[in-house]
Amino acid sequence: MLLEAVSLRHVYADGSIGLDDCSLAVRPGSRNALLGANGSGKTTLLQHFNGLLRPSAGRLLWAGAPVDTSRAGLAALRRRVGLVFQNPDRQLFSASVFEDVSFGPLNLGLDEATVRRRVAQALAAVGMSEQAERPVHHLSFGQKKRVCIAGVLAMQPEMLLLDEPMAGLDAAMQVELLAVLDDLTARGITIVLSTHDVDFAYRWADDIHLLDAGRCIASFAAADLPQQAAALRQAGQAMPAVIELHRLLAARGVLETVPPRSLEALLASLSLQESS
Amino acid sequence: MLIEQAAYRNRWRQVAPEAKACFALAGLVAAFAAGSPGAAAAVAGLLALTTCLGAGVPGLLYLRVALPAVGFLALSCLTLLVAVDGDFTWRWAPDAAPRIAALAGRSLAALAALLGLVLTTPLPDLIGLLRRLRCPELLLDLMVICYRMLFVFSLALHDTLVAQQARLGYATARHSLRSLGLLTANLAVQIWQRAHALHQAALARNGDGPLRFLTPTFAHVGRDTALAALGGALLIALARLGG
């Protein structure tokens, strides 16, 4: 396993509990969705993965070894694990796109030529090369999100954490962002994102981790989600619409028993049947 | 926002900031070297023309940006024309006119020099220049954060104002006062939250010291600066000759 949370507990300064005996594991190169309602501990868990928060109890393991919480240890963790925040205006603090993306790699102590190369590569990866010289406040919300991702990619992390990446994006921007994520997965980067959209999690992820009240109540392959009705109910999530629709169609003998992962795939199956 | 608009959309956007700063400095020197108010006013006019015709900054935009400063200068000059006697009575002081003319001329020329710089150079380029000139890191960090936050908070201010207006927050004078208080309190909390969030964001990218960024590179720094220095020297010479 690349990253493992073992019985993590986090109590905030005001006494509220962020995580409570939360355990889950992330496979290298996999696409993971932390699925849960608001306040279920998704952001708190992501901030533990990046070392921004320290557990009150429990352990975090990277490649099987406990994460070192010294200054140097945290720097090493953050080099491997990049975090993209939910609100881009809370992450971008430099005035221009190029400058902001250069912030992370410069903090790694790299020389200027390497940083320039990495910035160019990261901006190209998210399709923002043309906007490199533009001021951040002239960008759209979706473009700011992509700059945030580029800012983390320029540090060349092994794992990318995204906190509610689809929040605030329109349909076209979501498609663009998904293409970026697919490209990153193809390069072998492990992705963990938080979401409360069960349809999206089922469609996109390899592994789903269900969170409820600060605890991971179930981790399973996304393809096994139809068998997790009880856990979904406990986490306050509905069954994905495509599964419900497929179940009804399969009961009428219209479709086969293996449910597709998206409405598009379901429609494609129906079209195929109709034409044959 | 007008300054921002001009700084990103002028013909000298790709001219090295070193060159523009050099020319602005020469403009300031020329303002003080001018031997007469007329010469100083001529320097101001030349600098304004250079900004508008050379860099392509729209004249109307230039006037709108200059207007508050010119208005302040006019008001100051008017007050200087008034003398207050020992018994707290006032009278016009026409004898101060030459000094006021000199002051106004120099101020106008200095203003035109600075406007030429800020209307053609985005702040990130200026901060990059200051970084190369070894300006203290703390000052630069503050400039970076303040500049970025200016836009973040203008957006937050706008959103909150609209939300208040939508619920009749400014319907009466009493409501306006209350809404303004709530707006101030809300923004104060947001400032604190944003500061914390930015700190977290910097930590997440291993930033726990000075804010380090790469600054854009410019192709012809030497050539541009030499040309600016030449133009600046001519300007100073004209200012001296004009006296």
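Residues numbered from 1 in each chain as written. Chains lettered and ligands numbered in written order. Predicted model: local features only at pLDDT ≥ 70, side-chain atom pairs only at ≥ 80, totals over all residues.

A word on the sheet that holds strand 10 (residues 215–221) of chain A
Residue and element names in this part refer to chain A.
In step 1: The six strands lie next to each other as 6-7-8-3-9-10, forming an open sheet whose pairing is mixed. Across the chains shown, the open sheet's two edge strands, defined by having one partner strand only, are strand 6 (81–84) and strand 10. For this sheet, the mean angle separating the axes of adjacent strands, direction not counted, is 20°.
In step 2: Of the strand pairs in this sheet, strand 7 (residues 159–163) and strand 8 (residues 190–195) are connected by five bridges, and their pairing is parallel. Residue methionine 159 lies in a different strand from strand 8, and its bridge partner there is threonine 190. (Pairing = 2+ DSSP bridges. Helix = DSSP H or I, 4+ residues; strand = E, 2+ residues; numbered from the N terminus. Axes fitted to C-alpha atoms, helices over the stretch in contact; angles between N-to-C directions.)

What about the nonpolar core?
Proteins that are soluble and globular tend to have nonpolar side chains buried together.
In step 1: Residues Leu35(A), Val84(A), Val101(A), Ala150(A) and Leu161(A) are the most contacted members of the largest nonpolar core, which totals 73 residues.
In step 2: Not counting the four nearest positions on each side in its chain, Leu161(A) is found in contact with Leu46(A), Phe49(A), Asn50(A), Val81(A), Gly82(A), Leu83(A), Val84(A) and Val192(A).
In step 3: With 38 residues, the next largest nonpolar core counts Cys22(B), Phe23(B), Leu111(B) and Leu235(B) among its residues. (Core = buried A, V, L, I, M, F, W, Y, C linked by C-beta atoms within 7 Å. Buried ≥ 20, exposed ≤ 12 C-beta atoms within 10 Å, placed from the backbone. Contact = placed C-beta atoms within 7 Å.)

A word on the interface of chain A and chain B
Reports of interface size often rely on the accessible area that becomes lost once the parts have come together.
In step 1: At the junction of the two partners, chain A supplies 32 residues and chain B supplies 25 residues.
In step 2: Sorting the residues of the side of chain A that touches chain B by element identifies helix 2 (71–80), helix 3 (97–107), helix 4 (112–125) and helix 5 (141–153) of chain A as the ones contributing at least two each.
In step 3: No other element matches the seven residues that helix 3 of chain A contributes to the side of chain A that touches chain B.
In step 4: In terms of residue class, the side of chain A that touches chain B is made up of 15 nonpolar, nine polar and eight charged. (Nonpolar A, V, L, I, M, F, W, Y, C, P; charged D, E, K, R; others polar.)

With respect to the pairing of strand 9 (residues 207–212) of chain A
All names here are of chain A.
In step 1: Burial within strand 9 is extensive, with six of its six residues counted as buried.
In step 2: The pairing of strand 9 with strand 10 spans six bridges and is antiparallel. By the bridge assignment for strand 10, histidine 209 is matched with serine 219.

A short note on the sheet that holds strand 2 (residues 17–26) of chain A
All names here are of chain A.
In step 1: If you trace the four strands from one edge of the open sheet to the other, you get 2-1-4-5, paired in antiparallel fashion. Here the strands that pair on one side only, and so sit at the sheet edges, are strand 2 and strand 5 (65–66).
In step 2: The pairing of strand 4 (residues 57–62) with strand 5 spans two bridges and is antiparallel. Across the sheet, the residue bridging to leucine 61 is proline 66, located in strand 5.
In step 3: In the packing of helix 1 (residues 42–49) onto the sheet, the strands contacted are strand 1 (3–11), strand 2 and strand 4, and the crossing angle to strand 1 comes to about 120°.

Some words on helix 5 (residues 97–118) of chain B
Residue and element names in this part refer to chain B.
In step 1: The terminal C-alpha atoms of helix 5, which comprises 22 residues, lie 31 Å apart, in line with the 32 Å expected from a rise of 1.5 Å per residue.
In step 2: Within the span of helix 5, buried status applies to Ala104, Gly105, Arg106, Leu108, Ala109, Ala110, Leu111, Ala112, Ala113, Leu115, Gly116 and Leu117.
In step 3: Packed against the buried residues of helix 5 are helix 2 (17–33), helix 3 (37–54) and helix 4 (59–80). (Expected span 1.5 Å × (residues − 1).)

Some words on the confidence of the model for chain B
In step 1: The share of residues in chain B with pLDDT of 70 or more is 99%, and the mean pLDDT across the chain is 89.
In step 2: For this predicted complex, the interface score ipTM comes out at 0.81, while the overall pTM is 0.82. (pLDDT = per-residue confidence, 0-100.)

Here we look at helix 3 of chain B
Residues and elements named next belong to chain B.
In step 1: The terminal C-alpha atoms of helix 3 lie 25 Å apart, and with 18 residues this matches the ideal 26 Å at 1.5 Å per residue to within 8%.
In step 2: Among all positions of helix 3, only Pro37, Ala39, Ala40, Val43, Ala44, Leu47, Ala48, Thr50 and Thr51 are buried.
In step 3: At the exit of helix 3 stands glycine 56, carrying a positive phi of roughly 75°.

Considerations on the confidence of the model for chain A
In step 1: Overall, the prediction assigns chain A a mean pLDDT of 90, with 100% of residues at 70 or greater.
In step 2: Here helix 10 (residues 263–275) of chain A stands out as the least confident element of chain A, with mean pLDDT 83; strand 3 (residues 31–36) of chain A is the most confident, with 96.

Details of the pairing of strand 2 of chain A
Residues and elements named next belong to chain A.
In step 1: Of the pairings in the sheet, the one linking strand 1 to strand 2 comprises six bridges and is antiparallel in character. Bridging across to strand 2, histidine 10 finds its partner in leucine 19.
In step 2: The hairpin formed by strand 1 and strand 2 contains five residues between the paired strands, and glycine 15 there has a positive phi angle of roughly 95°.

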